[in-house]
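Tertiary structure, described
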Amino acid sequence: MSSTSTIVTQGDGARRRSSRRVEPIYYLFLVPTLVLFTLAITLPGVIGIFFSFTDSIGIGDWSFNGFTNYIAMFSDPAILQSYLFTFGFSIATVLVVNVVAFLLAVGLTSRIRFKTGLRTIFVIPMVISGIIIAYVFNFLFSNSIPAAGAAAGIPWLETSLLANPDLAWVAIVIVTAWQAIPGTMLIYIAGLLSVPGDVYEAASIDGATRMQQLTRITIPLVAGYVVINVILGFKGFLNAYDIIVGLTNGGPGTSTRSVAMTIIAGFNGGDYAYQMANATVFFVVAVLISLLQLSLTRGRNAL
């Protein structure tokens with residue numbers, strides 16, 4: 001009995017050691033990826049943070065100036081305006097995208113004909129380049145819509161939204177939402193399809209209307225998907241660049257210049273260290289939002 005127990009124990013120990021040992025093939029896949037990630041992202045990021053404490057213009061000599069760049073940027077109207085626009089634009093776009101995407105998802109999961117074909121059509125904007133979308137809508141806002149407004153005798157349509165400093169952001173929200181809605185809609189469709197049909201059948205037997213089922217069953221059960229879409233969408237819209245460049249290029253004036261545009265414009269204009277400080281602050285903001293996402297989604301098993 002003792003010898004049998006010893007053999008079993010030794011066998012269990014060998015299996016545990018074998019399970020703890022990492023196969024060399026895993027390192028073959030991990031190490032090249034880790035090296036590339038470090039060289040392409042981590043190392044440039046660390047170098048950029050280092051130069052944010054200098055007066056470097058990107059080339060030539062430089063010297064340390066401490067927190068001068070950070071202090072200056074918090075009193076720079078152009079940078080503050082870019083943050084104000086970026087956050088306002090992101091919040092407005094998140095609201096539009098999630099409301100429209102959720103309604104489309106509800107419609108495309110209901111008992112309608114051709115819903116598979118409609119899903120394919122609605123997904124098309126997601127696979128088109130943002131800059132191409134921006135140029136197409138630029139033509140529509142600058143030429144087609146004003147021409148249609150003039151022909152129909154509608155004065156407020158005769159002027160392009162892109163030329164109005166107070167309304168240009170509306171055009172950017174519309175175009176960005178048009179591209180972002182399909183991806184958000186697919187996540188909502190996945191969430192709606194995960195709700196058991198028995199729940200709706202029981203609600204129907206109890207006399208619940210369609211609206212009551214939507215507000216008291218569907219929305220609570222897909223709340224995890226709503227949180228994920230809101231956080232991921234907000235993080236993505238903070239990095240808005242290509243659509244804004246194609247539509248307004250930050251104009252009229254600087255009324256629609258995002259943080260990303262301000263940073264890149266500074267790099268091209270010789271404000272390397274200054275805009276690197278701006279990029280570092282923006283990175284910290286993105287990290288905080290990511291931590292918020294983790295805290296809100298922790299414990300949710302919606303996906």
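Below is a short write-up of the structure.

Calculation criteria
Residues numbered from 1 in each chain as written. Predicted model: local features only at pLDDT ≥ 70, side-chain atom pairs only at ≥ 80, totals over all residues. Heavy atoms only, no water. Helix = DSSP H or I, 4+ residues; strand = E, 2+ residues; numbered from the N terminus. Rg over C-alpha atoms; globule rule 2.2 N^0.38 Å. Buried < 20%, exposed > 50% of the residue type's maximum accessible area, 1.4 Å probe, protein only. Contact = heavy atoms within 4.5 Å. Areas by Shrake-Rupley, 256 points an atom, 1.4 Å probe, with all protein chains shown as cover. Lys, Arg positive; Asp, Glu negative; His and termini not counted. Charge placed at Lys NZ, Arg CZ, Asp CG, Glu CD. Axes fitted to C-alpha atoms, helices over the stretch in contact; angles between N-to-C directions. Parallel < 35°, antiparallel > 145°, perpendicular 65-115°, else oblique. Left-handed = near helix turned anticlockwise from the far one by under 90°. Core = buried A, V, L, I, M, F, W, Y, C linked by side-chain atoms within 4.5 Å. Polar contact = N/O pair within 3.5 Å; in protein donor to acceptor, adjacent residues only side chain to side chain. Phe/Tyr/Trp six-rings, centres within 6.5 Å; stacked < 30°, edge-to-face > 60°.

The next thing to look at is the overall build of the protein. Broken down by element type, the protein carries 13 helices and zero strands. Going residue by residue from the N terminus, the α and β elements of the protein occur as α-α-α-α-α-α-α-α-α-α-α-α-α. Here the C-alpha radius of gyration of the protein, 26 Å, is well above what a compact globule of 303 residues would show, namely 19 Å. With the principal axes as the frame, the protein shows a C-alpha extent of 95 × 75 × 30 Å. Taken across its 303 residues, the protein has 32% of its residues classed as buried. Nonlocal contacts in the protein, meaning residues at least 24 apart in sequence, comprise 70% of its contacts between residues at least 6 apart. As displayed, the protein offers around 18,100 Å² of accessible surface, 69% of which is attributable to carbon and sulfur atoms. Charge-centre separation for the protein: the mean point of 15 positive side chains lies 19 Å from the mean point of 12 negative side chains.

With their axes 10 Å apart at the nearest point, helix α7 (residues 168-193) and helix α10 (residues 223-238) run at an angle of 155° to one another. The pairing of α7 with α10 is recorded here as roughly antiparallel in orientation. α7 and α10 meet at a crossing whose hand is right-handed. Between α7, through T176, A180, T184, I187, Y188, A190 and G191, and α10, the contact on the second element is made entirely by Y225, V226, N229 and F237.

Moving on to the nonpolar core. The biggest cluster of nonpolar side chains holds 47 residues, and the ones touching the most others in it are M73, Y83, F89, F141, V175, M185 and L247. In this view, F141 contacts P146, S160, L161, L162, A171, V175 and L247; residues no more than four positions away in its chain are not counted.

Here we come to the side chain of N278. Tracing the backbone shows N278 in helix α13 (residues 272-297). Residue class for N278 comes out buried when judged on its relative accessible area of 0%. Within the local environment of N278, its side chain forms a polar contact with the side chain of Y83, the two groups lying 2.8 Å apart. Every residue in contact with N278, bar those within four places of it in the chain, is listed here: M73, I79, Y83, V259, T262 and I263.

Following the criterion strictly, the structure yields 18 aromatic pairs and no others. In textbook terms, an aromatic cluster arises when at least three aromatic residues are bridged by ring pairs, as seen for F50, F51, W62, F64, F267 and Y272.

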